[in-house]
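Summary of the model geometry
Here's the letter readout for the chains.
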Amino acid sequence: MKKIALLLLLLITFSSCKSSKRVVTTKSKTEKTDSRTRKSTSNTYNPQADKVVDYALKFDGVKYKYGGTTKKGMDCSGLIVTSFNSENISLPRTTGDLSTTGDWIDLKQVTKGDLLFFATRKNSRKVNHVGIVTEARNGNVEFIHASTSSGVMVSNLAEKYWYFAFVQARRVL
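This one's a predicted model, so the numbers in the text were calculated from it and none came from an experiment.

**Regarding the pattern of salt bridges**
Evaluation of the coordinates by the stated rule reveals four salt bridges. A salt bridge links Arg137 to Glu135; the nearest nitrogen and oxygen atoms lie 2.6 Å apart. On the accessibility criterion, Arg137 (45% relative accessible area) is partly exposed. Judged by relative accessible area, which is 28%, Glu135 ranks as partly exposed.

Structure (structure tokens):
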């Protein structure tokens, strides 16, 4: 019985931050402006967001480790918390708690440093994965995250897997 419980726990853990092969695709969309928020997603400069993203990129290639927050191993929410903590910004530790932090924003208005949330389990829209936007311009959104299969990596929201798993975007900066 203990073996079955352990096997189920491992199965759930490895499916929580699933990734796909890295496929580079681009979509060209016209960028809209909104006078109530930022004028343009590509021309907005936020030095604090740059520092958070630069810190997160230092972990690129680090293997996945459930609960990890160091170069020895990192999970998806650990990458977010560690990166924002480098700028003395305290965030909740779990993906579920992160998904209610900050302000909800439309995907068309994401900028560097915003958080993207995903539901990667089959037939579920419950958030279980998170990443930080590293670049957003002309409708092309790239983000860094920690996947169970490839560790910390940069992916593109235009990839079919991530496009269909996307749930929401939030701004904490």
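**Considering helix H3 (residues 76-85)**
The element H3 is extensively covered by neighbouring structure, given that nine of its 10 residues are classed as buried. Taken together, the buried positions of H3 are Cys76, Ser77, Gly78, Leu79, Ile80, Val81, Thr82, Ser83 and Phe84.

**Overview of the side chain of Thr82**
Considering the arrangement of structural elements, one finds Thr82 in helix H3. Among the residues examined, Thr82 registers a relative accessible area of 14% and is labelled buried. Among the polar contacts made by the side chain of Thr82, one reaches the main-chain carbonyl oxygen of Gly78 at a distance of 2.7 Å. With residues near it in sequence (within four places) discarded, Thr82 still touches Tyr55, Phe59, Thr69 and Met74.

**Considerations on the nonpolar core**
In terms of nonpolar packing, the biggest core is built from 23 residues, with Ile80, Phe84, Ile132 and Val152 touching the most fellow members. Every element with two or more residues in this core is listed here: helix H2 (47-57), H3, strand E4 (115-118), strand E5 (129-137), strand E6 (140-147) and strand E7 (151-156). Broken down by element, the residue count for this core peaks at four residues, all from H3. In contact with Phe84, other than residues within four places in its own chain, are Val52, Ile89, Leu91, Gly113, Leu115, Ile132, Val172 and Leu173. By size, the runner-up hydrophobic cluster in this structure holds 13 residues, among which are Val110, Leu116, Trp162 and Ala165.

**Considerations on the pairing of E7**
Of all six residues in E7, six are buried, a share of seventy percent or more. Pairing between E6 and E7: six bridges, direction antiparallel. When the sheet's bridge partners are listed, His145 is paired in E7 with Met153. Hairpin connection between E6 and E7: a loop of three residues separates the two successive antiparallel strands.

**A closer look at the sheet that holds E5**
On the basis of which strands lie adjacent, the open sheet formed by six strands has the order E3-E8-E4-E5-E6-E7 and antiparallel pairing. Each having just a single partner strand, strand E3 (103-105) and E7 make up the two edges of the open sheet. For this sheet, the mean angle separating the axes of adjacent strands, direction not counted, is 35 degrees. Across five bridges, the pairing between E5 and E6 is antiparallel. Bridge pairing links Ile132 to Ile144 in E6.

The rules behind these values
- Residues numbered from 1 in each chain as written.
- Predicted model: local features only at pLDDT ≥ 70, side-chain atom pairs only at ≥ 80, totals over all residues.
- Heavy atoms only, no water.
- Salt bridge = Lys/Arg side-chain N within 4 Å of Asp/Glu carboxyl O.
- Buried < 20%, exposed > 50% of the residue type's maximum accessible area, 1.4 Å probe, protein only.
- Helix = DSSP H or I, 4+ residues; strand = E, 2+ residues; numbered from the N terminus.
- Polar contact = N/O pair within 3.5 Å; in protein donor to acceptor, adjacent residues only side chain to side chain.
- Contact = heavy atoms within 4.5 Å.
- Core = buried A, V, L, I, M, F, W, Y, C linked by side-chain atoms within 4.5 Å.
- Pairing = 2+ DSSP bridges.
- Axes fitted to C-alpha atoms, helices over the stretch in contact; angles between N-to-C directions.

The values reported here are purely geometric and, on their own, carry no functional implication.
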